[in-house]
Amino acid sequence: AEYMGGAQLKKKKKKQRRRLMKQRPDLKVKDLRGNVNTRLRKLEEGQYDAIILAWIGLNRLDLLKDIPFTQKLSLDMMIPPMGQAALGIEIVSNNDKLREIAMSLNDEETFICTKAERDFIAQIGAGCSAPVACNATINEGYITLQSMIGYPDGTNILQESITKSLDDCDNLGVELAQKMINKGAQGILENAEKIAFKDEMPQRL
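Presented here is an overview of the structure given in this document. What you see is a predicted model; the values in this text were computed from it and never measured.

**Focus: the overall build of the chain**
Phase 1 of the analysis: For the chain, the helix and strand inventory stands at 7 helices and 6 strands.
Phase 2 of the analysis: In sequence order, the chain lays out its α and β elements as β-α-β-α-β-α-α-α-β-β-β-α-α.
Phase 3 of the analysis: Of the accessible surface of the chain, which amounts to about 12,900 Å², a share of 49% is contributed by carbon and sulfur atoms.

This is the structure in C-alpha cells:
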C-alpha cells in the first residue's frame with residue numbers, strides 16, 4: 001500500500017510488526033485494542049491511517065464491503081506464525097473408533113505443511129512468544145517452507161526458504177532450522193526475546 005512516511009498503522013502482534021517494519025521502517029506502528037467493529041470504527045474516526053486485520057475474518061463477517069480500500073499483503077511480506085489456520089483434534093489415545101473418525105477428517109496437505117512448521121519451531125528452539133514466522137505451502141508436488149526471524153523493530157532480519165519434493169520432505173523443517181541456526185538464528189532469537197520482554201513488561205525490570 002502507498003502510505004507516506006510517518007503514517008500511523010495498527011498492528012498488535014510483535015511478529016507481524018517486525019515484518020511490517022522491515023518493509024516500511026518509515027511508518028509509525030501503534031497498538032489497537034477492541035473487537036473488529038471497534039477497530040474499524042477507530043480507523044473511520046481517523047485515529048489511524050490504516051489497520052491490518054485478517055482478510056478471511058473480515059470476509060466471513062461480511063465487512064469487506066463497508067471498507068473503502070483494502071489490500072491483501074503478500075505472503076513474502078507477512079509470513080504467518082506456525083500452524084495458522086490448521087485445526088487439531090485431540091482424542092483419547094486408546095479409542096480406535098474416535099481415531100478412525102478423526103483420521104477421516106484429516107487433510108493430508110495441511111498435515112504435511114503443519115508438520116514441517118512444527119518441526120522447524122522445535123528444532124530452532126522457539127517458544128510461543130519468540131519472534132519467528134514460518135509457513136509451508138504445497139504446489140504441484142513440491143513443498144516450500146519459508147521462515148523469518150528478527151528484532152521487533154524490523155532490524156537484524158534473517159529469512160530463508162527450502163523447496164523439496166513431497167516424496168522427500170520428512171525432515172524439511174529440521175533442515176531449514178539448521179540452515180538458519182548455522183547463520184546465527186539462535187543469537188538473534190535470544191536478543192529479540194529480551195527486547196520484546198523489555199517492551200511488554202518494563203515493570204519487571
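This is not the end of the story, as more comes after the structure.
**A look at the sheet that holds strand 6 (residues 158–165)**
Sheet strands associate in pairs through backbone hydrogen bonding, adopting either a parallel or an antiparallel arrangement.
Phase 1 of the analysis: Taken together, the 3 strands give an open sheet; going across it, the order is 4-5-6, and neighbouring strands pair in antiparallel fashion. Each having just a single partner strand, strand 4 (132–139) and strand 6 make up the two edges of the open sheet. Going across the sheet, the axis of each strand differs from the next one's by a mean of 15°, ignoring polarity.
Phase 2 of the analysis: As judged from the 8 bridges shared by strand 4 and strand 5 (residues 142–149), these two strands associate in the antiparallel manner. In the strand pairing of strand 5, N135 is matched with Q146.
Phase 3 of the analysis: Docked against the sheet, helix 5 (residues 108–124) engages strand 4 and strand 5, running at close to 150° with respect to strand 4.
Phase 4 of the analysis: Relative to the sheet, helix 6 (residues 172–181) contacts strand 5 and strand 6, its axis offset from that of strand 6 by approximately 150°.

Definitions and limits used
- Residues numbered from 1 in each chain as written.
- Predicted model: local features only at pLDDT ≥ 70, side-chain atom pairs only at ≥ 80, totals over all residues.
- Heavy atoms only, no water.
- Helix = DSSP H or I, 4+ residues; strand = E, 2+ residues; numbered from the N terminus.
- Areas by Shrake-Rupley, 256 points an atom, 1.4 Å probe, with all protein chains shown as cover.
- Pairing = 2+ DSSP bridges.
- Axes fitted to C-alpha atoms, helices over the stretch in contact; angles between N-to-C directions.
- Contact = heavy atoms within 4.5 Å.

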